[in-house]
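# Topology and contacts: notes
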Amino acid sequence: MKKNLVLTGMMGVGKSTLGKILSERLNLKFIDIDKHIEERENMSIKDIFEKNSEEYFRKVEKKESLKSLMKENNIIALGGGAFINKEIRNLAKKTSITFWLNLSVELLVKRLGQSKKRPLLDFNNLDKSLRTILRERKEIYKLADFKIDCNYISKAVIANKIIKLYESKQNKS
């Protein structure tokens, strides 16, 4: 059995997009935790935060993440804050090969500037908001098995890097 391939990192970095590409290339099932939560709750994450609270969202996120991490042979895109949770992180490290997708704040601002669906962001001061969140999460993201710099690199090149690292680590396990 193959270990899961887990993608973590900031919102807007491309976890869902790359997860789909990797799923096709590796012929593994793709699980997008945020999408699962939206389908399960029948509302957007932004609405979940507004109607039920961030605390409620984190409970649902934890349950969905842990359930998915118990499976094998999957590519899993965690929500931007999920890896911060110690239980999720520990299980991911045990059952999976983890990749931190890193992107500069400047590029995140460009990607997220038009999006109004990110509940943790202050769109009136997006740069500062992203810098604050990244500063809070960076040390935890560093605990992933691999850090992938996604600045000014095509999705295909990023996917190739991830596949190469995943397969070499898989063979050593």
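In the block above lies the structure referred to throughout.
Residues numbered from 1 in each chain as written. Predicted model: local features only at pLDDT ≥ 70, side-chain atom pairs only at ≥ 80, totals over all residues. Heavy atoms only, no water.

## Structural notes on the overall build of the chain
Counting secondary structure elements, the chain contains eight helices and five strands. Start at the N end of the chain and walk to the C end: the helices and strands fall as β-α-β-α-α-α-β-α-β-α-α-β-α. Whereas a compact globule of 173 residues would reach a radius of gyration of roughly 16 Å, the chain reaches 15 Å, a difference of no more than 12%. In terms of principal-axis extent, the alpha carbons of the chain reach across some 45 × 35 × 30 Å. Among the 173 residues that make up the chain, the fraction classed as buried is 47%. For the chain, contacts bridging at least 24 residues in sequence account for 70% of all contacts bridging at least 6. Accessible surface, the chain: about 9,200 Å² in total, of which carbon and sulfur atoms supply 49%. Charge centroids of the chain, computed over 37 positive and 22 negative side chains, lie 5 Å from each other. (Helix = DSSP H or I, 4+ residues; strand = E, 2+ residues; numbered from the N terminus. Rg over C-alpha atoms; globule rule 2.2 N^0.38 Å. Buried < 20%, exposed > 50% of the residue type's maximum accessible area, 1.4 Å probe, protein only. Contact = heavy atoms within 4.5 Å. Areas by Shrake-Rupley, 256 points an atom, 1.4 Å probe, with all protein chains shown as cover. Lys, Arg positive; Asp, Glu negative; His and termini not counted. Charge placed at Lys NZ, Arg CZ, Asp CG, Glu CD.)

## A closer look at the pattern of salt bridges
The full count for this structure, using the stated rule, is twelve salt bridges. Between Arg-131 and Asp-127 there is a salt bridge, and its shortest N-O distance comes to 2.7 Å. In this pair, Arg-131 and Asp-127 are both assigned in helix α7 (residues 126-141), four residues apart and thus about one turn of the helix distant. Asp-127 sits in the partly exposed class, given a relative accessible area of 31%. Connected through salt bridges with shared partners, the residues Arg-40, Glu-41, Glu-64 and Lys-67 form a single ionic network. (Salt bridge = Lys/Arg side-chain N within 4 Å of Asp/Glu carboxyl O.)

## A short note on the environment of Phe-83
Looking at the element boundaries, Phe-83 is found in the loop between β3 (74-77) and α5 (86-95). Phe-83 sits in the buried class, given a relative accessible area of 0%. Beyond its immediate chain neighbours, meaning those up to four positions away, Phe-83 contacts Thr-8, Leu-78, Arg-89, Ala-92, Lys-93, Thr-98, Ile-140, Tyr-141, Leu-143 and Ala-144.

## Here we look at helix α4 (residues 54-69)
Here α4 is 16 residues long and its end C-alpha atoms lie 22 Å apart, about the 22 Å a rise of 1.5 Å per residue gives. For α4, every residue scored as buried is listed here: Phe-57, Val-60, Glu-61, Glu-64, Ser-65, Leu-66, Ser-68 and Leu-69. A distance of 3.4 Å separates the backbone nitrogen of Glu-55 from a side-chain oxygen at the start of α4, and that oxygen is part of Ser-53. (Expected span 1.5 Å × (residues − 1). Polar contact = N/O pair within 3.5 Å; in protein donor to acceptor, adjacent residues only side chain to side chain.)

## Description of the side chain of Glu-64
Structurally, the position occupied by Glu-64 is in helix α4. Taking relative accessible area as the criterion, Glu-64 reaches 6% and is therefore assigned buried. With residues near it in sequence (within four places) discarded, Glu-64 still touches Ile-33, His-36, Ile-37 and Arg-40.

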